[in-house]
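Close look at the chain arrangement
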Amino acid sequence: MEFAANITLAALLQQVLVGLSRTTILFIVASGLSLVLGVLRIPNVAHGSLYMIGAFCTYTVATLFGQSTLGFWLALIIAPLIVALISFIVERGLFCHLYEREHLMLLLFTFSFTLVFGDLVKLVWGSDYRSLTPPAFLMGFITISDLPFPKYNLFLLVVGPLVAAGLWFLTQKTKIGKIARAAAVDREMVGAIGINVNLVFAAVFVIGCYLAGLGGALVAPTQNITQGMDHAIIIEAFLIVIIGGLGNIWGALLGALIFGLTDSIGILVWPQFAIVFPYVAVVLVLLFRPKGLLKSTW
Amino acid sequence: MKTFAWFCIALAMTLVLITAPAQAAKAFKIGIVDCYSGPPAAYTNDVRDAFKLEVDKINAAGGILGRKVEVLTRDSKFKVDIGLSAAKELIYRENVDILMGTINSALALAISDMCRKEKVPFFVTFSKSAKITGAKGHRYVFSITENTALAGKAGAQGLAKRPYKKYWIAGDDYEYGHAIADGVWNNLQKIKPGVELLGQSWWKVGEPDFTPYITAILSAKPDAVIVATGGRDCVPFLKAAKATGFNERIPFFMHTATELSTLKPLGLNAPEGVIGTSNYFFYYPETAANKHFVKNFEAVYNRKPAVGAVYGFLAARYIFGAYQKAGVIDTEKFIDNVEGMWVDSPVGKVTMRAYDHQAMLPMFMGVTQKAAGYDFLIAKDIVTIPGEDVMPTIEEIKKARMK
């Protein structure tokens, strides 16, 4: 009932760790969204749908292997690739003809895809709830100062920094990353010096969507795989991208950290009104830095 | 005179010719508005499928008073505006004799209000709002499902028998969550004075990760937790409970925890020892009537019936039974006959209370456990709480309607 009734140092540490594991998922999904937004200038509302498809594919692949440990690893590799393949087809078939259109058109276009993908999921997987169990070695929990911490969340804490490092390498150290960053700033100029911008765009779009699929695959063992999970994530992902700075991947990381940590600590501090904490944080950021925390590429 | 007689005969024959085929052709129409897309479909499909199964039987036996029964379904997509316009279309264009639905409480209340004005009987099949037959009840609305008041009372009775004193309440921050939490807590305080509420946590519907909520509750160390969550949030909550070992540390009650739609997707990795209540299990009660019902349902749909199937079955039996008794197709006479009527069902005799039009369904409280022969957890140690014991008193209903 009371405000801040149960705060101990152990409980606080626990909430920070749980919040960080949630941050991992949020960061992976939001960074993909931010990448597409920054380079291609597409506000991809269907990003959440790809996340959902990623989760469903993970379920199917893992179940094919009897939800074994091998099945889990294979699903983690295959499911995001399926999502990447779908996005490649969509990009080459449709999006590549629409880059010159205004943002509103693109927004409506991607919105139509949320409906198409939503129905597609219903057709393929039906409306029953699906649940995937984590592999045996990630089941259960470890105890940190008498409070349980799920092993799967520990796994997420390892994956998060790995993905962040991978993204850093991709954008800073590879040629395609450098071209993509250049194209984000001035796409005419990149085209003028003889680089096939379309191909770069396709690659970036596929990588962004791959991240949505990866987020879906990672989240699958922790929650209910069902229709509607697309709406829940896309709102949070957009908020994170906005407070971080449109198109800035490190902004997405910062935004995800703020969102994930205010959420989990808010739950401990004032459980009755925990829902509002991350949104209050978003409002505060936008009040003081309306363009986001880090430099926007827009 | 002779001409007049001929005229009468001709007129009579014409009337016979016009009305006879028309009457034979005019079907008895029942409209169902419910959400068949998105997560709620996991519950609503069983209502519709079991209902259609019974309607097929009724039609094979000659229909309702000689009229063939036609079922029209509409998808509300869980939206009040879409559902309401579908209900309007069914009433005004299709001229349905009876309307059924819906899992969305706001929509159920809106359709109920429309049916009151249009004098069309409305059978509420899944909404858990106690207002339907409580504060907002009227002559044309019937509920054939339990609601938050009934489940709250049942949960409180079960919990009162256990030795817990310090409670925590956690749930979905919308009407269902608050209503069921209030239902359990208010009744529990009445039955067992001295229980103490340590705190509450409320999350948004569709919360993706319950781990931070569970760890926060654990650090408060209550004796037991009342988890007021429903629908699609049950599965992820139980998942997080298993992942954190929550069920091994603190016992918790979750109304729909033992239902098939919740436990089946989790397989053998659902948490054990969770206390739940439900109107029906395909494995309980172990009666011939239930076994027969399960066999029939499985033969057609190739899956086990969940709780919704009983609601669909009951709707069909009440509608058919009351019209048989009424003997004519007349809405007012039909309603008079449904009032106080009982039907045999897989869960035994179920009476429709005349005063508030609430079906008096028994509630089964059980604890999740692994069992031989099932690849998912089932409810064990089941205690049956009879319908009479969980119903609000008529005085309570009167008081609610006065407000």
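Since the structure is predicted, the reported quantities are computational estimates derived from the model, not experimental observations.

With respect to the helices, strands and loops of the structure, Ala160(B) is situated in helix H5 (residues 148–160). Once residues within four sequence positions are removed from consideration, Ala160(B) is found in contact with Leu188(B), Ile191(B) and Lys192(B).

This paragraph deals with the sheet that holds strand S1 (residues 28–34) of chain B. Working definition: the strands of a sheet are paired by backbone hydrogen bonds and lie parallel or antiparallel to each other. Residues and elements named next belong to chain B. Here 5 strands make up an open sheet; going across it, the order is S2-S1-S3-S4-S5 and the pairing parallel. At either margin of the open sheet sits one strand with a lone partner, and together these are strand S2 (69–75) and strand S5 (141–143). When the angles between neighbouring strand axes are averaged without regard to direction, this sheet yields 20°. By the bridge criterion, 7 bridges tie S1 to S2 in an arrangement that is parallel. Each residue of the ladder has a partner; that of Phe28, found in S2, is Val69.

Ranked by size, the top nonpolar core spans 214 residues in total, and within it Val29(A), Val83(A) and Leu99(B) carry the most contacts. The element that contributes the greatest number of residues to this core is helix H1 (residues 9–40) of chain A, accounting for 16 residues. In terms of domain composition, this core takes at least three residues from each of domain 1 (23–146 + 286–361) and domain 2 (149–278 + 363–390) of chain B. Contacts of Leu99(B), omitting those with residues within four sequence positions, involve Gly31(B), Val33(B), Ala87(B), Leu90(B), Ile91(B), Ile111(B), Cys115(B), Val120(B) and Phe122(B).

Many authors give the size of an interface as the accessible area that is lost as the parts come together. The interface of chain B with chain A comprises 36 residues on the first partner and 38 residues on the second. The set of elements that each furnish at least two residues to the side of chain B that touches chain A consists of helix H2 (41–60), strand S7 (196–203), helix H7 (211–220), helix H8 (234–244) and helix H10 (260–266) of chain B. For the side of chain B that touches chain A, the element with the highest residue contribution is H7(B), accounting for 8 residues. Looking at the side of chain B that touches chain A residue by residue, the classes come out as 17 nonpolar, 14 polar and 5 charged.

So, about the packing of H1(A) against H7(B). In contact at an axis separation of 9 Å, H1(A) and H7(B) are set at 175° when each is read in the N-to-C sense. Looking at the two axes, H1(A) sits roughly antiparallel to H7(B). When H1(A) is examined against H7(B), the residues Ala11(A), Gln14(A), Gln15(A), Val18(A) and Gly19(A) are found in contact with a partner set consisting of Thr211(B), Pro212(B), Thr215(B), Ala216(B) and Ser219(B).

Our next topic: the pairing of strand S8 (residues 224–228) of chain B. All names here are of chain B. Across the 5 residues that make up S8, a large majority, 4, are buried. Summarising the sheet, strand S6 (residues 166–172) and S8 pair through 5 bridges and their orientation is parallel. Bridge pairing in S8 links Ile169 to Ile226. Bridge analysis of S8 against strand S9 (residues 252–254) gives 3 bridges, and the strand direction is parallel. By the bridge assignment for S9, Ile226 is matched with Phe253.

With that out of the way, let us pick up the domain arrangement of chain B. Residue and element names in this part refer to chain B. The domains assigned to chain B are domain 1 (23–146 + 286–361) and domain 2 (149–278 + 363–390). Relative placement of domain 1 and domain 2: their C-alpha centres are 28 Å apart. Listed as interface residues are 15 residues of domain 1 and, on the opposing side, 15 residues of domain 2. A class-by-class count of the residues in the side of domain 1 that touches domain 2 yields 9 nonpolar, 3 polar and 3 charged.

The rules behind each value
Residues numbered from 1 in each chain as written. Chains lettered and ligands numbered in written order. Predicted model: local features only at pLDDT ≥ 70, side-chain atom pairs only at ≥ 80, totals over all residues. Helix = DSSP H or I, 4+ residues; strand = E, 2+ residues; numbered from the N terminus. Contact = placed C-beta atoms within 7 Å. Pairing = 2+ DSSP bridges. Axes fitted to C-alpha atoms, helices over the stretch in contact; angles between N-to-C directions. Core = buried A, V, L, I, M, F, W, Y, C linked by C-beta atoms within 7 Å. Buried ≥ 20, exposed ≤ 12 C-beta atoms within 10 Å, placed from the backbone. Domains from an automatic or database assignment. Nonpolar A, V, L, I, M, F, W, Y, C, P; charged D, E, K, R; others polar. Parallel < 35°, antiparallel > 145°, perpendicular 65-115°, else oblique.

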